[in-house]
Amino acid sequence: MQKGGIALATIDKHSLTDTYTLTNGVKIPVIGFGTWQSKPEDAYNAVKWALAAGYRHIDTAAVYGNEEAVGRAIIDSGVPRKELFVTTKLWNEQRGSYDAVLSAFQDSLTRLGLDYVDLYLIHWPEPAAHHNDWQHLNAETWRAMEHIYHLGKARAIGVSNYMERHLNELAKTQKTPPMVNQIFLNPYAPQPELTAYNSAHGMLNEAYSPLGTGELLKDETLTAVAKKHNKSTAQILVRWSLEQGFLPLPKSIHEDYIKANADVFDFALDDDDMQKIGALAGKGRQQDDPSKFTFQKQIPALH
Ligand SMILES: NC(=O)c1ccc[n+]([C@@H]2O[C@H](COP(=O)([O-])OP(=O)(O)OC[C@H]3O[C@@H](n4cnc5c(N)ncnc54)[C@H](OP(=O)(O)O)[C@@H]3O)[C@@H](O)[C@H]2O)c1
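Throughout this description, residue numbers start from 1 for each chain and increase along the sequence as written. Predicted model: local features are reported for residues with pLDDT of at least 70 only, side-chain atom pairs are reported and counted for 80 or more only, and whole-chain, interface and lining totals are derived from all residues. To obtain the side-chain values, all non-hydrogen atoms of the structure were included, while hydrogens and water were left out.

Thoughts on the UniProt feature "binding site: substrate" (unreviewed entry) in the chain
Then comes step 1: UniProt positions are given in the numbering used here, feature names are shortened, and annotations may be inferred rather than shown by experiment. Listed under "binding site: substrate" (unreviewed entry) in the UniProt record, and renumbered for this structure, are His123.
Then comes step 2: With respect to the helices and strands, His123 occurs in the loop between β8 (117-122) and α4 (134-150).
Then comes step 3: If sequence neighbours within four positions are ignored, His123 has contacts with Ala61, Val63, Tyr64, Lys89, Leu90, Trp91, Ser160 and Asn161. Each helix is a run of H or I in the DSSP string that is no shorter than four residues. Each strand is a run of E no shorter than two, and both are numbered from the N terminus. Contacts are residue-level and defined by heavy atoms, with any inter-residue pair within 4.5 Å sufficient.

Thoughts on the UniProt feature "domain: NADP-dependent oxidoreductase" (unreviewed entry) in the chain
Then comes step 1: Look at the UniProt record and you will see "domain: NADP-dependent oxidoreductase" (unreviewed entry) annotated at residues 31-279.
Then comes step 2: Counted over residues 31-279, helix gives 44% and strand 14%. Its end C-alpha atoms are 25 Å apart.

A word on unusual backbone geometry
In most cases, non-glycine residues show a negative phi, while peptide bonds are predominantly trans.
Then comes step 1: Backbone geometry places Ser209, a non-glycine residue, at a positive phi of 50 degrees.
Then comes step 2: Within the secondary structure layout, Ser209 lies in the loop between β11 (204-208) and α7 (220-229).
Then comes step 3: Judged by its relative accessible area of 11%, Ser209 falls in the buried class.
Then comes step 4: Located in the positive-phi region is Thr213, a residue other than glycine, with phi close to 50 degrees.
Then comes step 5: With respect to the helices, strands and loops of the structure, Thr213 is situated in the loop between β11 and α7. Each residue is assigned to one of three classes by its accessible area relative to the maximum for its type, calculated with a 1.4 Å probe on protein chains only: buried under 20%, partly exposed between the two thresholds, exposed over 50%.

A word on the layout of surface pockets
To find the voids left in a structure, one rolls a probe of water-molecule size over its atoms.
Then comes step 1: A cavity here means a set of points on a 1 Å grid, drawn over the protein atoms and nothing else, where a 1.4 Å probe fits but cannot get out; a pocket is an open set with protein on both sides within 12 Å along at least five of seven lines, and a residue lines either one if it has an atom within 4 Å of a point. Grid points are joined across faces, edges and corners, and a volume is the space filled by probe spheres set on the points. By volume, the largest pocket amounts to about 820 Å³.
Then comes step 2: Along the walls of the largest pocket sit 37 residues, with Trp36, Gln37, Ser209, Thr213 and Lys251 positioned nearest its centre.
Then comes step 3: Broken down by element, the lining of the largest pocket gets its largest block of residues, 3 residues, from helix α9 (residues 255-261).
Then comes step 4: When its residues are assigned to classes, the lining of the largest pocket shows 17 nonpolar, 15 polar and 5 charged. Any residue that is not Ala, Val, Leu, Ile, Met, Phe, Trp, Tyr, Cys, Pro, Asp, Glu, Lys or Arg is counted as polar, Gly included; the first ten are nonpolar and the last four charged.

What to know about the environment of Val101
Then comes step 1: Relative to the assigned elements, Val101 resides in helix α3 (residues 98-112).
Then comes step 2: For Val101, a relative accessible area of 0% puts it in the buried group.
Then comes step 3: Between the C-alpha atom of Val101 and that of Trp91, which follows or precedes it by 10 residues, the distance is 9.2 Å.
Then comes step 4: With residues up to four places along the chain from it excluded, the contact list for Val101 reads Leu90, Gln94, Arg95, Tyr120, Thr141, Ala144, Met145 and Ile148.

Quick notes on the pattern of salt bridges
Two side chains with opposite charge may pair up if their charged atoms get near one another.
Then comes step 1: By convention in these notes, a salt bridge is any Lys or Arg side-chain nitrogen within 4 Å of a carboxyl oxygen on Asp or Glu. Here the structure, examined in full by the defined rule, presents 21 salt bridges.
Then comes step 2: A salt bridge links Glu140 to Arg143, with the nearest nitrogen and oxygen atoms 2.8 Å apart. One end of the pair, Glu140, and the other, Arg143, are both in helix α4, 3 residues apart, so they sit about a helical turn from each other.
Then comes step 3: Of the residues examined, Arg143 reaches a relative accessible area of 42% and is grouped as partly exposed.
Then comes step 4: Through salt bridges with shared partners, one network takes in Glu126, Arg165, Asp289 and Lys292.

Regarding the packing of helix α2 (residues 67-77) against α3
Then comes step 1: All axes are obtained by fitting lines to C-alpha atoms, using only the stretch in contact for helices, and the reported angles, taken between N-to-C directions, cover 0 to 180 degrees. Put simply, α2 and α3 touch, their axes get as near as 7 Å, and they point 45 degrees apart. As the angle between them shows, α2 and α3 are arranged oblique. Together, Glu67, Glu68, Val70 and Gly71 of α2 and Ser108, Arg111 and Leu112 of α3 make up the contact between the two elements.
Then comes step 2: The residue inventory of the contact of α2 with α3, partitioned by class, reads 2 nonpolar, 2 polar and 3 charged. Angles below 35 degrees are treated as roughly parallel, those above 145 as roughly antiparallel, those between 65 and 115 as roughly perpendicular, and all remaining angles as oblique.

Here it is, written out as structure tokens:
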């Protein structure tokens, strides 16, 4: 691709329908649409706008409380199911046993109105009630995830917020390795060791909070880079993520932002930009420590 005589050689991704390939051969669209903190009515509109704008990858979770609205938006969009990539996540309070996982998964499918998902993730490695026995909990949960995968009900399975210690422990019992690790990933928190570990072990790095839940949008360095390219700061952040080989999951409930956040395929960051952005590492919010996370929320069972 050329623009203004400059070759955009940094990545081979040129549209929302371009994909990464997971270790099992499943293709996953390079930008996912985030829905955390989107109330059901907002999530419904946002997902419809996102699909109309060309996104083909939607990221939700049982704990977001919007699976039903996301599912309705998917159906009402008219986009054929096979063109979509839908991720949901298993929440902490739903995973005491192997059977609890299967039941939680079925509840997510029912809420979404789907008969399979493209990616099912364990949302969190150390639920508050399991800070002392997360090793056993994760092994048992993963056994159920593998069963769901082998049934063809999830085309891929993975984890989220896992650190190296969780992944090393899981590797002792897993038969099918996780294909994705979805983590807090942006220029303030580039997590070089963990992303290198994930890549070396066949996991795609999905970047949640690519805009730092909005925190990075006011950063002076980033706004200066944005001005230079005549782009928005959000676009710089989504592009940065792609140029690292990550899969960003930008979220918005505003139609104009939703469209603009995916308009990132007509420019490239240069070495000077990358150096300036690289110097932001360590600023602001970082990945939460799973062993200190105490948030609990019950998700009502459907049966
Ligand atoms: N696995 C996990 O534990 C986990 C944790 C967090 C997030 N995630 C996933 O990652 C997704 C993204 O992360 P995130 O929700 O933390 O946030 P984010 O995408 O980093 O930032 C979203 C925030 O930025 C605002 N925004 C978006 N585009 C904008 C633009 N062009 N101009 C100005 N403001 C803009 C949004 O406001 P408006 O919505 O008002 O437009 C919202 O406040 C989530 O939605 C979720 O799917 C996963």
